Amino acid sequence: MFNNYYLKFGLDLYLPKGEKVADQNVDFQSIYKKSSKSAFWGNADAYYILGVLHFIGADMPVNLEEAFRCFEKAMNKKHSTAAYNVFRCYLNGLGCKQDANNARAALMKAAELGSSSAYLTLGNYYYKSNAALNIAEDKQLALKYYKLGAEKYDAACKENYAIMLENGIGTTVNLREALKVYHDTASGFAKNKIGMWYCNGKEVAKDAKKAVYYFERAVEYGNADGMINLGYMYLWGVLPKDEDKIVNLWCDAALNGSKTNITELIESNINGDNIQPATFEKMVKVAEYYLKYGNNESVDQAWNLLMFANIHDCVSAVNLLGVYYNYFNNGVKDYKQAFDYYKEAADSGCVEAYANLGDYYMSSPFADKDVQKALQWYLKAAENGDAYSMNKLGCYYLSGQYVAQDMHQAFYWLKQAADKDYKPAFYNLARMYEHGDGTTKDINSALYYYNKGVEQNDAGCAYAAGCLYFHGEGVAKDYSKALQYFQISACYNGGAKAYYGIALCYCYGNKELRNFEKALVNCNNALQQDANFTPALKLKNDLTDNQDNLKPASDLKSIFGDVAGNVIGEVFGNVLSAVLTSGRDD
């Protein structure tokens, strides 16, 4: 178990023998021991691997300072990837003070040592400039670094190098060389480019069959533009015309991030008579994607797609039209129209519409609000497999809100929802296992569901798991594991309590872990999150008042009173009420 939050900072992270840092089956302890022995003798690869392990917190607490130190040692021994990671650390202030000059120097060092990631980064910086690192725009230098990266078989460098050759950026136009580079590049972008050239007769003779071949290769790589273009091949009769395949491809393109107006393509070219029901369902998924993540323009596209699918009797489109009128509709909610669509979809057996009717009756702004009807619809949805409704019922029975409190019913429905991998159910179900509410007390099962939540970035689950290891409740007391979980909770926006848990671990930990300076830093972090968080304030005062005369670890509890024993178990006490009022999260 480790914290993959830090992967977002763009470091190059790999392990020996090709293992992936995200693979939970990797024996990190064995790798750590072997690397520690090799590092003792000055092995650059070993220092790099140790840096990776400290950085991601693989079976150990995250230690960015130690990770940076290891990367720096490896860089000084001419390890190119470590040098690139030193650059990322200086750039983001990870384990060291943020420093643009040192970041630039490390980036140049990484390039000097042959890092393809450094070549790509420098190419990007010189292409558009980078004020933070004082790098001015220089297309010729951009071309140079992309070419160096291309020679190291970096796909992104190859793509950018070919684009510059094709368009004469930083050099003269060289279509033949560009085509050669595209051919040598294993990416969907490159394959789609070649397909376009064969389609348009650019530098090669027009050849529709070869265009189709390369568009198909682009689709295999998941390239959205390739999907659009292959759809056109079916539309134009290069391949046997097939509306169902066309719409499938264009919908896949939308779900893979295409900026093309898919709605306009479909409305302009497809009548819909030969489209299979499963394809209409995919069209509805595109509309849902637009509603969740799009802007006003894409919301309008979603409405048009839904109306197109609705005309062709797609029930899930009817339900999503209800969602549209309930939450979007150009900012003017129309609850009555939403209700009509929900009811129509529900009458046709749409399970999600059952749940939406439950929400409608539970929170309707009109006189027809009816808690009993809401519960009936939630029950009908839950009995038909809707995890959202299962979780709703579980929370209601757990809190006694709207129904008589019933721990066994609460456990039953939360377990049903969690077993469908429904994230909001993990925390409450784990708590029930932890305390034996509605089921037999089972700390292993509690940890299992807390970890399921951690895998889905749930700060509360990470914090609660940390509490178990901190107190040794049903598991061996382990401050290092507790620290790992608290750090993860903090990274997932766990708030003041997460930083407070980190501070306590640095106070109570064994000799290797104990660090009162870090404890004080994390008390301050907690107070930055919540200036009125009393436990952190008290701990900070105790640390400050006793910093020149701190007692041994065995006496720490007498300094901090019962803070460690009580507060950690209580800080998430309001989670249930928060869950009950939270919106739909599926």
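What comes next is a walk through the structure. (Residues numbered from 1 in each chain as written. Predicted model: local features only at pLDDT ≥ 70, side-chain atom pairs only at ≥ 80, totals over all residues. Heavy atoms only, no water.)

### Notes on the overall build of the protein chain
- Within the protein chain one finds 32 helices and 0 strands.
- The burial tally for the protein chain puts 50% of its 586 residues in the buried class.
- Look at the contacts in the protein chain between residues 6 or more apart in sequence, and 51% of them connect residues 24 or more apart.
- For the protein chain, the accessible area works out to roughly 27500 Å², and carbon and sulfur atoms hold 46% of it. (Helix = DSSP H or I, 4+ residues; strand = E, 2+ residues; numbered from the N terminus. Buried < 20%, exposed > 50% of the residue type's maximum accessible area, 1.4 Å probe, protein only. Contact = heavy atoms within 4.5 Å. Areas by Shrake-Rupley, 256 points an atom, 1.4 Å probe, with all protein chains shown as cover.)

### Things to note about unusual backbone geometry
- Positive phi is not limited to glycine here, since S129 has a value of about 80 degrees.
- Within the secondary structure, S129 sits in the loop between α6 (116–128) and α7 (139–151).
- Owing to a relative accessible area of 36%, S129 belongs among the partly exposed residues under this scheme.
- Of note, Y153 is a non-glycine position whose phi angle comes to about 70 degrees, a positive value.
- Topologically, Y153 is positioned in the loop between α7 and α8 (155–167).

### Regarding helix α12 (residues 224–235)
- For α12, spanning 12 residues, the distance from its first C-alpha to its last is 17 Å, which sits close to the expected 16 Å at 1.5 Å a residue.
- Of all 12 residues in α12, 10 are buried; the element is thus mostly enclosed.
- Those residues of α12 that sit buried are A224, G226, M227, I228, N229, L230, G231, M233, Y234 and L235.
- The secondary structure elements touched by the buried residues of α12 are α10 (188–200), α11 (208–220), α13 (243–255) and α14 (262–269).
- One side-chain oxygen at the N-terminal end of α12 lies 3.2 Å from the backbone nitrogen of D225; it belongs to N223. (Expected span 1.5 Å × (residues − 1). Polar contact = N/O pair within 3.5 Å; in protein donor to acceptor, adjacent residues only side chain to side chain.)

### Some words on the nonpolar core
- Among the nonpolar cores identified, the biggest contains 195 residues, and F71, W250, I262, I266, M283 and Y450 are the most heavily contacted of them.
- Ranked by residues supplied to this core, first place goes to helix α27 (residues 496–508) with 11 residues. (Core = buried A, V, L, I, M, F, W, Y, C linked by side-chain atoms within 4.5 Å.)

### A word on the pattern of salt bridges
- Under the defined criterion, the tally for this structure stands at 13 salt bridges.
- One salt bridge connects E66 with R69, and the closest N-O pair in it is separated by 2.4 Å. Here R69 and E66 lie together in helix α3 (residues 64–76), a separation of 3 residues that amounts to about one turn.
- Across the pair D542 and K538 runs a salt bridge, and its minimum N-O distance is 3.2 Å. (Salt bridge = Lys/Arg side-chain N within 4 Å of Asp/Glu carboxyl O.)

### Observations regarding the packing of aromatic side chains
- All chains considered together, the criterion is met by 36 aromatic pairs.
- A ring pair is formed by Y360 and Y361, whose centres lie 5.6 Å apart and whose planes are at 80 degrees; its orientation type is edge-to-face. You'll find Y360 and Y361 in the same group, each marked buried.
- Ring centres 5.1 Å apart and planes at 45 degrees place the aromatic pair Y463 and F486 in the tilted group. Here the residue Y463 occupies a position in helix α25 (residues 459–471), and F486 occupies one in helix α26 (residues 479–491), the gap between them amounting to 23 residues.
- When its relative accessible area of 1% is taken as the criterion, Y463 is described as buried.
- Taking relative accessible area as the criterion, F486 reaches 0% and is therefore assigned buried.
- Taken together, the aromatic side chains of F411, F426, Y433, Y448 and Y449 make up a single cluster linked through ring pairs.
- Its guanidinium or amino end placed over the ring of Y127, K139 lies 4.5 Å from that ring's centre, counting from NZ or CZ.
- Directly above the ring of Y354 sits K380, whose terminal nitrogen or CZ lies 4.7 Å from the centroid. (Phe/Tyr/Trp six-rings, centres within 6.5 Å; stacked < 30°, edge-to-face > 60°. Lys NZ or Arg CZ within 6 Å of the ring centre and 35° of its normal.)

By themselves, these are just geometric observations and shouldn't be taken as functional.
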